[in-house]
Amino acid sequence: MKKTTYHHGNLKEDFLRLAFEFIHREDIDKLTLKILADATNTSRSAIYKHFSSKDALIKAIMEKGFEEFDNVIVPILSNKKEDLDKRFFSAAHYYIDWARENPNLYRLIFGKKYAYIREEFVTIRSESCKGFVALEALIKEGQNKKLIKKEDSFNQTIIVWSSLHGLSSLIIDCFTDVQELYEPLLVQMLESLLAGLMVSMPTQK
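Residues numbered from 1 in each chain as written. Predicted model: local features only at pLDDT ≥ 70, side-chain atom pairs only at ≥ 80, totals over all residues. Heavy atoms only, no water.

A short note on the nonpolar core
Turning to step 1, where the next piece is worked out: In terms of nonpolar packing, the biggest core is built from 65 residues, with Ile61, Phe88, Leu108, Leu164 and Leu190 touching the most fellow members.
Turning to step 2, where the next piece is worked out: Sorting the residues of this core by element identifies α1 (11-25), α2 (33-39), α4 (54-78), α5 (84-101), α6 (103-110), α8 (130-144), α9 (153-172) and α10 (178-197) as the ones contributing at least two each.
Turning to step 3, where the next piece is worked out: The biggest single contributor to this core is α5, with 10 residues. (Core = buried A, V, L, I, M, F, W, Y, C linked by side-chain atoms within 4.5 Å. Buried < 20%, exposed > 50% of the residue type's maximum accessible area, 1.4 Å probe, protein only. Helix = DSSP H or I, 4+ residues; strand = E, 2+ residues; numbered from the N terminus.)

Spelled out as structure tokens, the structure:
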């Protein structure tokens, strides 16, 4: 990382921004507090004033990552001016694109390795998991409009999310030829999911 002079008033934000920039290029496990200290011309003790440990830094990165992800996907899912199926398709495409553009961050916030940190502030059955909550709300909306089958909305949401997560993981981990084939695969997957969820499949415009 290139060294820059920083003012002490915004060091915490700078550490977090630099950490984000780093994991856009490298895996989180390669990030050390020394790297951040060297990049900001500070000491590791300066970092400890803001983050008590690397786990605390990782938690802050994960929180910011979820915020970035939710800030786009939640409005897409919640926009009742758009038809339900269009919101479903748009949100799914955003999900896949976000994973492709942020593979290291995606693995960090949704992966198993740091789940013990993630579960300190977000769980799938809590309001803090805003994207999941918004997706389940979309499904409940469809049920109320008699568009989606009146089944367990939580289970229906899990099925959709796990399908998106599975395809995203295959894409970012370069499994066989999925990277080249993902667009038609995504459309086919979404159509199959909607066919299973909806009382009658809408005609795509």
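That was the structure; now back to the text.
Details of the side chain of Arg87
Turning to step 1, where the next piece is worked out: Assignment of secondary structure puts Arg87 in helix α5.
Turning to step 2, where the next piece is worked out: Among the polar contacts listed, one links the side chain of Arg87 to the backbone oxygen of Glu82, at a separation of 3.1 Å.
Turning to step 3, where the next piece is worked out: When neighbours within four sequence positions are excluded, Arg87 is seen to be in contact with Ile76, Leu77, Ser78, Asn79, Lys80, Glu82, Leu138, Glu141 and Lys145. (Polar contact = N/O pair within 3.5 Å; in protein donor to acceptor, adjacent residues only side chain to side chain. Contact = heavy atoms within 4.5 Å.)

Describing the packing of α5 against α6
Turning to step 1, where the next piece is worked out: Packing of α5 against α6 brings their axes to within 5 Å, and their N-to-C directions diverge by 110°. Put simply, α5 runs roughly perpendicular to α6. Together, Tyr95, Trp98, Ala99, Arg100 and Glu101 of α5 and Pro103, Leu105, Tyr106, Ile109 and Phe110 of α6 make up the contact between the two elements.
Turning to step 2, where the next piece is worked out: Grouping the amino acids of the contact of α5 with α6 by side-chain chemistry returns eight nonpolar, no polar and two charged. (Axes fitted to C-alpha atoms, helices over the stretch in contact; angles between N-to-C directions. Parallel < 35°, antiparallel > 145°, perpendicular 65-115°, else oblique. Nonpolar A, V, L, I, M, F, W, Y, C, P; charged D, E, K, R; others polar.)

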